[in-house]
Amino acid sequence: MVVESNSLYLFLIQQLLCQCDYKVTSCKQVQEAISFVLENQQSIDLIISDAFLPSEDGLLILETIALKFGIPVVIMSWNGETSTLMKFIAYGACDYLVKPVTLKELKNIWTHVFRKQIGDQMKYLLEIRIKHNNNNNNVLEPVEETKL
Amino acid sequence: MERSSLQNQAAAMKKSFFDQGYLDEQFYQLEELQDDASPNFVEEVVALFLRDSSRLIGIIEQAMDKHPQDYRKLETYMHQLKGSSSSIGALKVKNECTHFRECCAEDNLEGCLRSFQKLKREHAILKQKLEAYFQLLKQMGSAGKATKSGK
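Residues numbered from 1 in each chain as written. Chains lettered and ligands numbered in written order. Predicted model: local features only at pLDDT ≥ 70, side-chain atom pairs only at ≥ 80, totals over all residues. Heavy atoms only, no water.

- If you look chain B up in an unreviewed UniProt entry, it shows as Histidine-containing phosphotransfer peotein protein from Dioscorea alata.

- As recorded by an unreviewed UniProt entry, chain A carries the name CheY-like protein and is attributed to Dioscorea alata.

What follows is the structure, encoded as structure tokens:
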């Protein structure tokens with residue numbers, strides 16, 4: 001999902017993403033995006049959103065979606081200042097791209113989704129292992145190597 | 001007109017845009033996105049930009065006439081215009097947007113007025129140049145349909 005209020009830039013980003021073979025849903029406003037994700041959680045793998053400076057509405061997406069549903073959020077902005085970047089990363093953005101975003105940068109974005117999926121799988125396996133260990137009265141047994 | 005001579009003309013025209021600072025590398029990014037699936041992508045984006053920017057300039061013009069000036073609003077409009085200009089690599093227009101915003105930040109009415117006049121001029125020149133360029137590309141398209149254009 002792309003969240004961007006400038007129609008021209010939205011058009012451009014959509015084209016960039018289609019070239020990378022991503023399926024794109026777009027919203028022009030933060031509230032619209034949040035409502036959509038709340039109703040269609042399963043269908044969104046990644047959100048690419050403008051920071052919406054100076055109001056910083058992009059932070060809302062991080063607070064309501066990234067933290068709550070664990071969907072990776074990449075922020076983009078014309079503002080390349082380190083302080084702004086760090087703020088958004090601190091709020092949970094998994095990446096911060098300075099506009100204009102290049103095709104190369106967008107092609108690499110899938111790694112965030114992949115990393116999250118791997119992370120989820122690892123967490124799941126870890127939970128199983130802990131449960132398994134607890135059932136055996138804390139005796140640590142070697143866990144079989146699982147192929148991912 | 002022969003296709004190759006049109007091609008040379010178009011190439012020279014495009015080169016002049018870069019040499020004279022009207023466009024920057026972002027324009028190349030647009031061209032890279034054009035392919036068989038979107039054969040008119042660059043023209044579409046430029047058309048969108050010209051429409052969008054003309055509209056914004058009109059809005060800003062009206063806002064400038066109001067007294068007292070709402071500099072924060074003007075800054076917001078200029079921010080949008082700057083974003084659009086940067087998207088297509090319209091360098092001179094983008095730079096003038098930055099200058100205008102600096103004048104807004106200082107509540108400098110004189111500066112804003114001067115900058116805005118310059119911006120309108122740059123925008124008009126760019127519009128003229130880009131329209132001429134795409135007109136030429138269209139002519140190329142109709143001349144010699146058998147030959148595939150080389151990049």
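## What about unusual backbone geometry?
- Here the residue pair A:Lys99 and A:Pro100 is connected by a cis peptide bond, since its omega of -5 degrees sits within 30 degrees of zero.
- Summarising the element assignment, A:Pro100 is placed in the loop between strand E5 (95–98) and helix H5 (103–107).
- Cis peptide bonds are those with omega within 30 degrees of zero, and the linkage from B:His67 to B:Pro68 qualifies with -5 degrees.
- The topology assignment puts B:Pro68 in the loop between helix H3 (41–65) and helix H4 (71–88).
- Residue A:Asp21 is not a glycine yet carries a positive backbone phi of 65 degrees.
- With respect to the helices and strands, A:Asp21 occurs in the loop between helix H1 (7–19) and strand E2 (26–27).
- By relative accessible area, which is 71% here, A:Asp21 ends up exposed.
- Positive phi, close to 55 degrees, is recorded for B:Asp107, a residue that is not glycine.
- You can see B:Asp107 is positioned in the loop between helix H5 (91–105) and helix H6 (109–142).
- Assessed through its relative accessible area of 45%, B:Asp107 is described here as partly exposed. (Helix = DSSP H or I, 4+ residues; strand = E, 2+ residues; numbered from the N terminus. Buried < 20%, exposed > 50% of the residue type's maximum accessible area, 1.4 Å probe, protein only.)

## Topic: the interface of chain B and chain A
- In this complex, chain B contributes 20 residues to the contact, which on the side of chain A involves 14 residues.
- Taken together, the connections running from chain B to chain A amount to 0 salt bridges.
- Connecting chain B to chain A are 6 residue pairs in polar contact (both at pLDDT 80 or more).
- Secondary-structure elements contributing two or more residues to the side of chain B that touches chain A are helix H2 (26–33), H3 and H4 of chain B.
- No other element matches the 7 residues that H4(B) contributes to the side of chain B that touches chain A.
- Residues of the side of chain B that touches chain A, tallied by class, amount to 7 nonpolar, 9 polar and 4 charged. (Contact = heavy atoms within 4.5 Å. Salt bridge = Lys/Arg side-chain N within 4 Å of Asp/Glu carboxyl O. Polar contact = N/O pair within 3.5 Å; in protein donor to acceptor, adjacent residues only side chain to side chain. Nonpolar A, V, L, I, M, F, W, Y, C, P; charged D, E, K, R; others polar.)

## Observations regarding the pairing of strand E3 (residues 47–50) of chain A
Residues and elements named next belong to chain A.
- By the alternation rule, side chains of E3 split into Ile47 and Ser49 and Ile48 and Asp50, which are all buried.
- Pairing of strand E1 (residues 2–3) with E3, which is carried by 2 bridges, proceeds in the parallel orientation. Across the sheet, Val3 pairs through a bridge with Ser49, a residue of E3.
- Taken together, the 4 bridges between E3 and strand E4 (residues 73–77) define a ladder with parallel strand orientation. (Pairing = 2+ DSSP bridges.)

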